[in-house]
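Reading the structure
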Amino acid sequence: MTSRDLPPGPYAVGIGLRAGAEAAIIAAAVRACLGDFEIACLATVDRRANEPGLVGAAQLLGVPVVVFPVDQLARVPVPNPSARTAEALGTPSVAEAAALSASRGGELTVPKTVISGITLAAALIRD
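Given the structure is predicted, the values throughout are model-derived calculations rather than measurements. (Residues numbered from 1 in each chain as written. Predicted model: local features only at pLDDT ≥ 70, side-chain atom pairs only at ≥ 80, totals over all residues. Heavy atoms only, no water.)

**Topic: the packing of helix α1 (residues 23-34) against helix α2 (residues 52-61)**
Where α1 meets α2, the axes come as close as 7 Å, and the angle between the chain directions of the two elements is 55°. As the angle between them shows, α1 and α2 are arranged oblique. For α1 against α2, the interelement crossing comes out right-handed. On the side of α1, the interface is formed by Ala23, Ala24, Ile26, Ala27, Val30 and Arg31, while α2 contributes Gly53, Leu54, Gly56, Ala57, Leu60 and Leu61. Looking at the contact of α1 with α2, its residues break down into 9 nonpolar, 2 polar and 1 charged. (Axes fitted to C-alpha atoms, helices over the stretch in contact; angles between N-to-C directions. Helix = DSSP H or I, 4+ residues; strand = E, 2+ residues; numbered from the N terminus. Parallel < 35°, antiparallel > 145°, perpendicular 65-115°, else oblique. Left-handed = near helix turned anticlockwise from the far one by under 90°. Contact = heavy atoms within 4.5 Å. Nonpolar A, V, L, I, M, F, W, Y, C, P; charged D, E, K, R; others polar.)

Shown next, in the form of C-alpha cells:
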C-alpha cells in the first residue's frame, strides 16, 4: 500500500526505534510512509519518551510525542506481534499498539513497516 492508497488522515504514528536513531531519519521514514498526509502525533513506549531522535523528529513534523506504559501496550491486540519484542520489552508490539492506542479507537491503516531501520505503523484517527 502506498500513501496514495490511504485516506488523508489525521494519523497517529506508532514508532519503534533503537536508542540513538536520528531525528531526520525518523521524520523521513514517517513521510516516506504517509507522504504529506496529516500526522497528529508520534506514539511509542514510555521508556523512549525522551529519546533525542524521537523528540527531534516530532519537532520537525510539528507534532507531540505520546507515550504509553509497556503494560498498556501489551494489552492491545495487534496483527503483527513480535516474540522478540515481547521478550525484550514485555510487549509484543510497540509501533502498532502505540498507533492504535494514540488513535483512540481508530483503524490501523499501515501495519508494522520498517523504513531505514525505524519500525512504524499508522492508525487513522476517526472523529
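Picking up after the structure, the text goes on.
**Quick look at α1**
For α1, spanning 12 residues, the distance from its first C-alpha to its last is 17 Å, which sits close to the expected 16 Å at 1.5 Å a residue. Listing the buried residues of α1 in full gives Ala23, Ile26, Ala27, Ala29, Val30, Cys33 and Leu34. Buried residues of α1 fall within an arc of 155° about the axis and therefore sit on the same side. Considering only its buried residues, α1 is in contact with β1 (11-16), β2 (39-45), α2, β4 (107-115) and β5 (118-124). (Expected span 1.5 Å × (residues − 1). Buried < 20%, exposed > 50% of the residue type's maximum accessible area, 1.4 Å probe, protein only. Arc of directions from axis to C-beta.)

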